[in-house]
Amino acid sequence: MEQKNYVWFKRLIARGLVFALLFGFAVGVIQTNARGTVKLNKTKVSLTVGETTRLKVRGTKKKVRWTSKKKSVATVSAKGKVWAKKAGTAQIIAKVSGRKYTCKVTVVQKEPSRKIYTFRSESLLQEHYRKHGVEMGFATKEEYVAAANAVISSLAALHKLEAEDGDDVYYLEATNEIVIVSTDGYIRTYFCPNEGKDYFDRQ
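Notes on the structure follow. Small disclaimer: the values here were computed from a predicted structure and weren't measured.

### Here we look at the sheet that holds strand β8 (residues 88-96)
One open sheet holds the four strands; their spatial order is β2-β9-β8-β5, and the pairing between them is mixed. Two strands in the sheet have a free side with no partner beyond their single neighbour: β2 (44-48) and β5 (65-68). Between one strand axis and the next, the sheet turns by 25° as a mean value, whatever way the strands run.

### Observations regarding the environment of Ala-150
You can see Ala-150 is positioned in helix α3 (residues 141-153). Residues Ala-150 and Ile-116, spaced 34 residues apart in sequence, show a C-alpha to C-alpha distance of 9.6 Å.

### Remarks on the pattern of salt bridges
Taken as a whole and assessed by the stated rule, the structure comprises eight salt bridges. The salt bridge partner of Arg-202 is Glu-195, with a shortest N-O separation of 3.4 Å. Residue Arg-202 is classed as exposed on the basis of its relative accessible area of 53%. According to the relative accessible area criterion, Glu-195 is partly exposed, its value standing at 39%.

### A look at the packing of aromatic side chains
This model, assessed by the stated rule, comprises seven aromatic pairs. Consider the rings of Phe-138 and Tyr-190, whose centres lie 6.2 Å apart with planes at 45°: the pair is tilted. Of this pair, Phe-138 sits in the loop between α2 (122-136) and α3 while Tyr-190 sits in strand β13 (residues 187-191), and the two are 52 residues apart along the sequence. The exposure class of Phe-138 is buried, given its relative accessible area of 18%. Above the ring of Phe-200, the side-chain terminus of Lys-160 is found at 5.2 Å from the ring centroid.

### Focus: the pairing of strand β12 (residues 177-181)
Side chains on a regular strand alternate between the two faces of the sheet. Judged by how many residues are buried, β12 sits mostly within the fold: five of five residues are covered. Of the two faces of β12, the one holding Glu-177, Val-179 and Val-181 and the one holding Ile-178 and Ile-180 are both buried throughout. Direction of pairing for strand β11 (residues 168-172) relative to β12: antiparallel, over a ladder of five bridges. Within β12, the residue paired with Tyr-170 across the bridge is Val-179. Here β11 folds back onto β12, and the loop between the two strands holds four residues, one of which, Asn-176, carries a positive phi near 55°. Of the pairings in the sheet, the one linking β12 to β13 comprises four bridges and is antiparallel in character. Note on β13: the bridge partner recorded for Val-179 is Tyr-190. The antiparallel pairing of β12 with β13 creates a hairpin that spans five residues between the two strands, and Gly-185 there sits at a positive phi of about 90°.

Criteria and cut-off values
Residues numbered from 1 in each chain as written. Predicted model: local features only at pLDDT ≥ 70, side-chain atom pairs only at ≥ 80, totals over all residues. Heavy atoms only, no water. Pairing = 2+ DSSP bridges. Helix = DSSP H or I, 4+ residues; strand = E, 2+ residues; numbered from the N terminus. Axes fitted to C-alpha atoms, helices over the stretch in contact; angles between N-to-C directions. Salt bridge = Lys/Arg side-chain N within 4 Å of Asp/Glu carboxyl O. Buried < 20%, exposed > 50% of the residue type's maximum accessible area, 1.4 Å probe, protein only. Phe/Tyr/Trp six-rings, centres within 6.5 Å; stacked < 30°, edge-to-face > 60°. Lys NZ or Arg CZ within 6 Å of the ring centre and 35° of its normal.

Structure below.
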């Protein structure tokens, strides 16, 4: 009886050792995996000038040191907040326990807002569209207004102030299109003058 108990006890100890070894191995794997998951929440980000974003190092509670490789383009705070300063690219570095994690920040210039011009009233728009827009080939009055704005914003357009009223006059010589905008910011007319550039010169 004592011999059987002794054998049973040895088996129990052996099983316990196996379990302990397996448990220790599992804990080691979990800890290794935990260390392996340390990473930045973003490795690439695009911002417009003036925008901000927050970077975080995941998988660790250790102290993070943040630096920017190009502060003129983007800066970073001690807590990982990034500010976009001017157009360009910059590397934001997070350093943890001697290891470095990098995020590439691309900053683009914010496009200036462009004013959309229209006629002073719907009735004036309808009148000029029927008189000029249809003849110019526009299917709708909305297309007519959009084309007038395209002339106004074109870098190729000639520009002058009307001698009589001081209104803005825009003329595209390549397509013979002219737009006159009142001093208070409304389209007065948009058409193709029969006299071409001579009409623009006389304004």
